[in-house]
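# Coordinate analysis (summary)
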Amino acid sequence: MYLATYIEDIVDIINSLNNAYLDEYEFMLFVSFLGKNYNGKNLTKDMIINYINEFRNLRARKKIAIEHIANYCNPKNFTGDKINKKDFHNWNNGAQTIFENLNMLGVLEYDKERKSITIRKKI
């Protein structure tokens, strides 16, 4: 996927959400899988948007879900080399880096306190 297309897809997703922002966990858990195959289905923008809206509806349970995923994605839970191990903190650091890079491009704005990106009002 080309960078310009990827940014356009992120903007489309943000514009289609009930609230026009995207947080780091939503990016990690859903947007990062855009276009990938899961259970024989290609994950589309519409599917990702639905997953994010459902995730947001978890409200307080969202934090518990993230904690379970973080506990599961502990490298100590996996054998083999580093490539085969899942590491939640590295995954989260990767999302933060992507958000910082998207912020530099000028189309999206990264709010480090809220850990989310929005579409920049003025370019």
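Sequence order as written defines the numbering, with residues in each chain counted from 1. Owing to the predicted nature of the model, reporting of local features is limited to residues with pLDDT of at least 70; listing and counting of side-chain atom pairs is limited to 80 or more, with chain, interface and lining totals taken over all residues. Calculation of side-chain values draws on the structure's entire complement of heavy atoms; hydrogens and water are dropped beforehand.

## Here we look at the nonpolar core
Definition in use: What makes a nonpolar core is a set of buried Ala, Val, Leu, Ile, Met, Phe, Trp, Tyr and Cys residues whose side-chain atoms join them at distances within 4.5 Å. Note on exposure labels: buried denotes an accessible area under 20% of the residue type's maximum, exposed denotes more than 50%, and partly exposed covers the range between, all computed with a 1.4 Å probe on protein chains only. What counts as a helix is a DSSP run of H or I of at least four residues, what counts as a strand is a run of E of at least two, and both are numbered from the N terminus. By the convention used here, residues are in contact when the closest approach between their heavy atoms is within 4.5 Å.
Of all hydrophobic cores here, the largest spans 28 residues; its most connected members are Ile10, Leu22, Val31 and Ile117. Contributing elements (two or more residues each) for this core: helix 1 (3-16), helix 2 (24-29), helix 3 (45-56), helix 5 (88-105) and strand 4 (108-111). Among the elements that line this core, the one with the most residues is helix 1, at 6 residues. Setting aside its immediate chain neighbours within four residues, Ile117 contacts Ile10, Ile14, Tyr21, Leu22, Phe99, Leu102, Leu108, Glu109 and Tyr110.

## Re unusual backbone geometry
Phi is positive for Asn39, which is not a glycine, with a value near 50°. Structurally, Asn39 can be placed in the loop between strand 2 (37-38) and strand 3 (41-42). One non-glycine residue, Arg59, lies in the positive phi region at around 50°.

## A closer look at the layout of surface pockets
Rolling a probe over the atoms, with the probe sized like a water molecule, indicates the empty space that remains. For clarity, the cut-off: Only protein atoms enter the 1 Å grid used here, on which a cavity is any set of points holding a 1.4 Å probe that cannot leave and a pocket is any open set flanked by protein within 12 Å on both sides along at least five of seven lines; residues with an atom within 4 Å of a point are listed as lining. Grid points are joined across faces, edges and corners, and a volume is the space filled by probe spheres set on the points. Three classes are used, and their members are as follows: Ala, Val, Leu, Ile, Met, Phe, Trp, Tyr, Cys and Pro are nonpolar, Asp, Glu, Lys and Arg are charged, and the others, Gly among them, are polar.
One number sums up the size of the largest pocket: a volume of about 320 Å³. Around the largest pocket sit Leu29, Phe30, Phe33, Asn37, Tyr38, Leu43, Ile48, Tyr51 and Trp91, which together line it. Contributing elements (two or more residues each) for the lining of the largest pocket: strand 2 and helix 3. Along the lines of polarity and charge, the residues of the lining of the largest pocket split into 8 nonpolar, 1 polar and no charged.

## Regarding helix 1
Formally: Given a helix with a known number of residues, its expected span is that number minus one, times 1.5 Å.
Between its terminal C-alpha atoms helix 1 stretches 20 Å, which fits the 20 Å expected from 14 residues at 1.5 Å a residue. Along helix 1, the positions that sit buried rather than exposed are Tyr6, Ile7, Asp9, Ile10, Val11, Ile13 and Ile14. Contacts made by the buried residues of helix 1 are with strand 1 (22-23), helix 2, helix 3, helix 5, strand 4 and strand 5 (116-119).

## Quick look at the sheet that holds strand 4
Counted only if it meets this: For two strands to pair, DSSP has to find at least two bridges joining them. For every element, the axis is a line fit to its C-alpha atoms; helices are fit only across the contacting stretch, and the angle between N-to-C directions ranges from 0 to 180 degrees.
With antiparallel pairing, 3 strands are arranged side by side in an open sheet as 1-5-4. Strands at the two margins of the open sheet, each flanked by one partner only, are strand 1 and strand 4. Direction of pairing for strand 1 relative to strand 5: antiparallel, over a ladder of 2 bridges. Across the sheet, residue Leu22 finds its bridge partner in strand 5, namely Ile117. The sheet contacts of helix 5 involve strand 1, strand 4 and strand 5, and relative to strand 4 the element is tilted by about 135°.

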